[in-house]
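# Descriptive analysis of the structure
Spelled out, the chains give:
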Amino acid sequence: GGRDRILALTGAQISSTVKAFGLEGRSVTWTRAPNLIRNELDLGFITQAALFDGETAWKVDGNQRVSRLEGQDREELVGRAMVASHLYCFPEINGSIYRYRGPTKVGGRTLLCLEVSPPEGAPASLYFDSATCRLVRSEIRSRELDSVTTYGDFREVDGVLFPFFSRMSTGDPRFDVETRVESVTLDPPVDERFFTLAEAEEVGFDCRLANGDAAEDIPLQLATDLILLEVAVNGVEGMHFLLDTGA
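Before going into details, it helps to say that this report is about the structure given with it. (Residues numbered from 1 in each chain as written. Predicted model: local features only at pLDDT ≥ 70, side-chain atom pairs only at ≥ 80, totals over all residues. Heavy atoms only, no water.)

The secondary structure content of the protein amounts to four helices and 16 strands. Among the 247 residues that make up the protein, the fraction classed as buried is 41%. Put simply, the protein shows about 14200 Å² of open surface, and 51% of that area lies on carbon and sulfur atoms. (Helix = DSSP H or I, 4+ residues; strand = E, 2+ residues; numbered from the N terminus. Buried < 20%, exposed > 50% of the residue type's maximum accessible area, 1.4 Å probe, protein only. Areas by Shrake-Rupley, 256 points an atom, 1.4 Å probe, with all protein chains shown as cover.)

All right, on to a nonpolar patch on the surface then. On the surface, a nonpolar cluster with roughly 300 Å² of combined accessible area is contributed by Val233, Val236, Met239 and Phe241. In terms of residue count, the dominant contributor to the nonpolar patch is strand E16 (residues 236-242) (three residues). Among the secondary structure elements, Met239 is positioned in strand E16. Looking at Met239, the relative accessible area reads 31%, which means it is partly exposed. (Patch = residues over 30% accessible without salt bridge, like charges linked within 9 Å, V, L, I, M, F, W, Y side chains within 5 Å. Salt bridge = Lys/Arg side-chain N within 4 Å of Asp/Glu carboxyl O.)

What follows concerns the sheet that holds E16. The strands that make up a sheet are held in pairs by hydrogen bonds between backbone atoms, and each pair lies either parallel or antiparallel. An order of E14-E15-E16 is seen for the three strands of this open sheet, with the pairing classed as antiparallel. Looking along the sheet, the strands with just one partner apiece sit at the ends: strand E14 (221-223) and E16. Geometrically, the sheet is characterised by an average inter-axis angle of 40° between neighbouring strands, direction not taken into account. Strand direction decides the pairing type here: strand E15 (residues 226-233) and E16, joined by five bridges, are antiparallel. Counterpart to Leu228 in the pairing with E16 is Leu242. (Pairing = 2+ DSSP bridges. Axes fitted to C-alpha atoms, helices over the stretch in contact; angles between N-to-C directions.)

Let us now look at the environment of Ser142. Residue position: Ser142 is located in the loop between strand E10 (135-141) and strand E11 (146-157). Other than its neighbours up to four places away in sequence, Ser142 contacts Gln72, Glu75 and Ala122. (Contact = heavy atoms within 4.5 Å.)

In structure tokens, the structure reads:
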């Protein structure tokens, strides 16, 4: 589809499976032109949402607490929005400063390197396959932590190529995030409010503390070498659950 097809996009909805921190779960990402993004992540007991409305970035944790993203977290989300929306293709739209570094050796491959300094968010180095000109690697350099994302398994969706596999790393393999896309829907029917703080405050999850706090003091009962918790489930009180400490 080329330039005209990408410019005609209003956004995308991308559903994926995710492996991160030794856990497996699901992720859904929505984008809207030019650089709005919303991501919802569910890794079992870790659930969160992150939103960027073009100016401000927000996070909603599993207890529905809304916090403003700053520093590394904000820069990473803004960078993801730029890549996910293909905004990096159009400097006249995104206002970034570009510098072509030419052929660069990376992991035994010769890739074409393009350095991008966006008006906001972290600077990035984008690496393209010299034969196909596909984006196969991005490096986002923040003040706190650098991250490298590699892309593969490119598939065409209604005239637009999307990477159906990506791996994000900050240098420690234990914290790598591996994403495999299951489906891509172009031009989903969502409006700009879907990416705003007002919407973030309405995001809900199935599990949260009743008082809305992020932490709670819970009394324990010791039975020899076992730890018991008194809980209520679906309104039934006085039940005792065994706490598995993992030790």
